[in-house]
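Listed below are the residues making up each chain.
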Amino acid sequence: MYNTTIDTIVLTEPLHWLNRNSTQRVAANMTRALNGAPHIQQTIIPAGFTLELGSKAGWMLRTEFEQLQAHAASTITEFTVNHDGTDINVMWDNTQSSVITGDDVDDQLGGYPLLTNVVLRFLTL
């Protein structure tokens, strides 16, 4: 069984690659000539695609979630994610509204010790 490691943070439960099968790997642009003929330009995207890891219906310890929040708030450079035994060079995807989200399993003053539906957003390098 593989663990998920984000930089130096080893997670208790491995995360799922949520967008593994829906990542756009080719960029395309189409314009039309004056006679209506399409002009299509395409190129392969070698890096910079989004990588989303998450717990799906599983859970994550609040302590690990808070470590990841602190990492996301303080790290603006490249680091390594090890997922399923593969190292991937990434940086946090701050182009979106939130790089890390999660839901409390149960409402509790001060926070429940487990979170679910955790999503971490990265850009590959």
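These figures come from a predicted structure and were not determined experimentally.

**Details of the packing of aromatic side chains**
Each aromatic ring pair is specified by the distance between its two centres and by the angle formed by the two planes.
At step 1: Evaluated as defined, the whole model comprises three aromatic pairs.
At step 2: Geometrically, the ring pair formed by Phe79 and Phe122 is edge-to-face, given 6.0 Å between the ring centres and 70° between the ring planes. Remark: Phe122 occurs in strand 11 (residues 114–124) and Phe79 occurs in strand 8 (residues 79–83); sequence separation between them is 43 residues. The same class applies to Phe79 and to Phe122, which are both buried.
At step 3: Over the ring of Phe49 we find Arg25; its NZ or CZ atom is 4.0 Å from the centre of that ring.

**Notes on the pairing of strand 4 (residues 26–32)**
At step 1: The pairing of strand 4 with strand 5 (residues 38–44) spans seven bridges and is antiparallel. Looking across to strand 5, one finds that Ala27 is bridged to Thr43.
At step 2: In this antiparallel pair of consecutive strands, strand 4 and strand 5, the connection spans five residues, and Gly36 shows a positive phi of 95°.

**With respect to unusual backbone geometry**
With the exception of glycine, the majority of residues adopt a negative phi angle, and the majority of peptide bonds are in the trans configuration.
At step 1: Unlike most non-glycine residues, Asp7 shows phi in positive territory, near 60°.
At step 2: Looking at the element boundaries, Asp7 is found in the loop between strand 1 (5–6) and strand 2 (9–10).
At step 3: For Asp84, which is not glycine, the phi dihedral falls at a positive 55°.
At step 4: As for its position among the elements, Asp84 is in the loop between strand 8 and strand 9 (86–92).

**Quick look at the environment of Leu125**
At step 1: The topology assignment puts Leu125 in the segment after strand 11.
At step 2: Sequence-wise, Leu125 and Leu115 are 10 residues apart; in three dimensions their C-alpha atoms are separated by 29 Å.
At step 3: Sequence-distant contacts of Leu125, defined by excluding residues within four places in its chain, comprise Ala47, Glu78, Asn89, Val90 and Met91.

**Examining the pattern of salt bridges**
Should the charged atoms of two oppositely charged side chains come close, the side chains can pair.
At step 1: Per the stated rule, a full pass over the model turns up three salt bridges.
At step 2: In this structure, Arg20 and Asp84 form a salt bridge, with 3.3 Å as the shortest nitrogen-oxygen distance. Placement of Arg20 in the loop between strand 3 (16–17) and strand 4 and of Asp84 in the loop between strand 8 and strand 9 is noted, with a sequence separation of 64 residues between them.
At step 3: The exposure class of Asp84 is partly exposed, given its relative accessible area of 36%.
At step 4: Note that Glu52 and Arg121 form a salt bridge whose closest N and O atoms lie 3.7 Å from each other. Highlighted residues: Glu52 in strand 6 (residues 50–54) and Arg121 in strand 11, separated in sequence by 69 residues.

**Structural notes on the side chain of Arg62**
At step 1: Locating Arg62 in the fold gives a position in helix 1 (residues 62–74).
At step 2: Judged by its relative accessible area of 17%, Arg62 is buried.

Quick notes on the rules
Residues numbered from 1 in each chain as written. Predicted model: local features only at pLDDT ≥ 70, side-chain atom pairs only at ≥ 80, totals over all residues. Heavy atoms only, no water. Phe/Tyr/Trp six-rings, centres within 6.5 Å; stacked < 30°, edge-to-face > 60°. Helix = DSSP H or I, 4+ residues; strand = E, 2+ residues; numbered from the N terminus. Buried < 20%, exposed > 50% of the residue type's maximum accessible area, 1.4 Å probe, protein only. Lys NZ or Arg CZ within 6 Å of the ring centre and 35° of its normal. Pairing = 2+ DSSP bridges. Contact = heavy atoms within 4.5 Å. Salt bridge = Lys/Arg side-chain N within 4 Å of Asp/Glu carboxyl O.

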